[in-house]
Amino acid sequence: MRSSTENIYQQKVNQVIDYISSNLYKPLKLDTLANQINVSQRQLLRIMRLSLNESLYSYLARQRVERAVLYMQTEEMNLTKLAEMVGYDNPQSLSKAFKKQFGIPPKAYMDELQGRLVGYVKSSGSRQNHLQSEIYEEEDLELVYIRIIGKYGEDEPYETAWNKLIRFLKDKQALSKETRFIGISFDDPNITKSEYCRFYACASIKKKIVPTGEFGTIQLRRGKYAIYTLKGSYSGLQELYNHISVNFDYNIRHGMTFEEYISCSEENSKEPITKVYIPIK
């Protein structure tokens, strides 16, 4: 595939993935998605399989069920409402999809998941037993991103992605001392297989940038966040997330959880600092 054609397809893949993420409550028929990026249905299926390492149909079904898990972790709701929020006509269809993916019904899966999380926290010791957080009202944040699909934190793909992002910002003259570096993990590795986990390496932008090729743009909406700080290796992030899930003291709102990576200062040159932002009501 020629470079120019590949860039066009990468941009179309970004558009489809972001459209699906924002519209899972809709039927999302194949012709609708194809029309979004002005390609044939056959082309759509081909380019999405190449990018996702699974069929578009499998991706859609998995996204609906895994989004349902996220909603059930956020608040209590009946299966009828939950089914509507993730694009199913009725709760029976949602339960069937759950059993196909996880082998058990929704309620049983949530009980099993909570049990696993509690087990992880107990086995990790007392390092995170007393979680401290601060509350902050974040304004709208415009971001440019590059997407990684695969196991979270793998050295080579992550280093490559961040380097590409920084070069892109420099080329667009959009890199400054005020640039914030953000990570958005769209999937929970306690739920999603590691090879399917989606991560957006992001940077804040002050001016409009037209996305090209593998780069896209996304907005974090203003709202209130509980912020947890991790000092030290990024490998401790999953342990922190597990502790937050088990010991969370706030009402979660529907929004994007994200991470901000703070540059090491001279006073703190030996360890990175990561702030985890959890959207709350």
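Residues numbered from 1 in each chain as written. Predicted model: local features only at pLDDT ≥ 70, side-chain atom pairs only at ≥ 80, totals over all residues. Heavy atoms only, no water.

## Overview of the pattern of salt bridges
Applicable threshold: A side-chain nitrogen of Lys or Arg and a carboxyl oxygen of Asp or Glu constitute a salt bridge if their distance falls within 4 Å. A 1.4 Å probe rolled over the protein chains alone gives each residue an accessible area, and that area as a share of the maximum for its type sets the label: buried under 20%, exposed over 50%, partly exposed in between. The secondary structure listing takes helices from DSSP runs of H or I that are at least 4 residues long and strands from runs of E that are at least 2 residues long, numbered from the N terminus.
Here the structure, examined in full by the defined rule, presents 11 salt bridges. For the salt bridge of Lys81 with Glu75, the shortest nitrogen-to-oxygen distance reads 3.8 Å. Owing to a relative accessible area of 40%, Lys81 belongs among the partly exposed residues under this scheme. Of the charged contacts, one joins Arg198 and Asp187 as a salt bridge, the two residues approaching to 2.9 Å between their closest N and O atoms. Linking Arg198 in strand E4 (residues 198–204) with Asp187 in the loop between strand E3 (181–185) and E4, this pair joins segments that are 11 residues apart in sequence.

## Here's the deal with helix H9 (residues 237–246)
Two residues of an α-helix separated by three or four positions point the same way, owing to the 3.6 residues in each turn. Just so we agree on the cut-off: We call two residues in contact when some of their heavy atoms are within 4.5 Å.
Of all the positions in H9, only Leu237, Leu240, Tyr241, Asn242, His243 and Ile244 are classed as buried. Each element contacted by the buried residues of H9 is listed here: helix H7 (106–123), strand E6 (223–231), strand E7 (258–262) and strand E8 (273–280).

## With respect to a negative patch on the surface
As a reminder, the rule being used: In this scheme, patches are assembled from residues that exceed 30% relative accessible area and form no salt bridge. Like charges are connected within 9 Å, while nonpolar side chains (Val, Leu, Ile, Met, Phe, Trp, Tyr) are connected within 5 Å. Note on areas: these come from Shrake-Rupley sampling with a 1.4 Å probe, and a residue is covered only by the protein chains present in the view. Residues scored as charged are limited to Lys and Arg (positive) and Asp and Glu (negative), so that His and the chain ends carry no count. Charge coordinates come from a single atom per side chain, which is NZ of Lys, CZ of Arg, CG of Asp or CD of Glu.
On the surface, a cluster of negative charge is made up of Glu154, Asp155, Glu156 and Glu159. Within the secondary structure, Glu156 sits in helix H8 (residues 155–171).

## Here's the deal with the environment of Arg221
The line we're drawing: Think of a polar contact as two N or O atoms within 3.5 Å of one another; within protein, one of them needs to be a possible hydrogen donor and the other a possible acceptor, and neighboring residues in sequence only count if both atoms come from side chains.
By the element assignment, Arg221 lies in the loop between strand E5 (215–220) and E6. Residue classification places Arg221 among the exposed positions, given a relative accessible area of 58%. With 198 residues separating them in the primary sequence, Arg221 and Asn23 have C-alpha atoms 16 Å apart. In this structure the side chain of Arg221 is engaged in a polar contact, spanning 2.6 Å, whose partner is the side chain of Gln219.

## Comments concerning the state of the cysteines
Rule in force here: When the sulfur atoms of two cysteines come within 2.5 Å, that pair is taken as a disulfide.
All chains considered together, the criterion is met by 0 disulfides. In this structure Cys197 is a free cysteine whose sulfur lies 16 Å from that of Cys202, the closest cysteine sulfur available. Its relative accessible area of 0% is what places Cys202 among the buried residues.

## So, the sheet that holds E4
Inclusion rule: Two strands qualify as a pair provided that DSSP identifies no fewer than 2 bridges between them. The angle between two axes is taken between their N-to-C directions and runs from 0 to 180 degrees, where each axis is a line fitted to C-alpha atoms and a helix contributes only its stretch in contact.
Spatially, the 8 strands line up as an open sheet ordered E1-E6-E8-E7-E3-E4-E2-E5, and their pairing is antiparallel. The sheet is open, and its two edges are formed by strand E1 (134–138) and E5, each paired on a single side. This sheet shows a mean twist of 35° between the axes of neighbouring strands, independent of strand direction. Direction of pairing for strand E2 (residues 141–149) relative to E4: antiparallel, over a ladder of 7 bridges. Within E4, the position partnered with Val144 by the bridge is Ala203.

## Comments concerning helix H6 (residues 91–102)
Rules: The span you would expect from a helix comes to 1.5 Å times its residue count less one. To obtain the arc, one takes the directions from the helix axis to the C-beta atoms.
Counted at 1.5 Å a residue, the expected span for H6 with its 12 residues is 16 Å, and the 16 Å between its end C-alpha atoms agrees. Every buried residue of H6 is listed here: Pro91, Leu94, Ser95, Ala97 and Phe98. The buried residues of H6 occupy an angular sector of 160° when projected down its axis, which confines them to one face. Opposite the buried face of H6, at more than 90 degrees from it, the exposed residues are Gln92, Lys96 and Lys100. Residues of H6 that are buried sit in contact with helix H4 (56–74), helix H5 (79–85) and H7. A positive backbone phi angle near 85° is found at Gly103, which sits one or two residues after H6.

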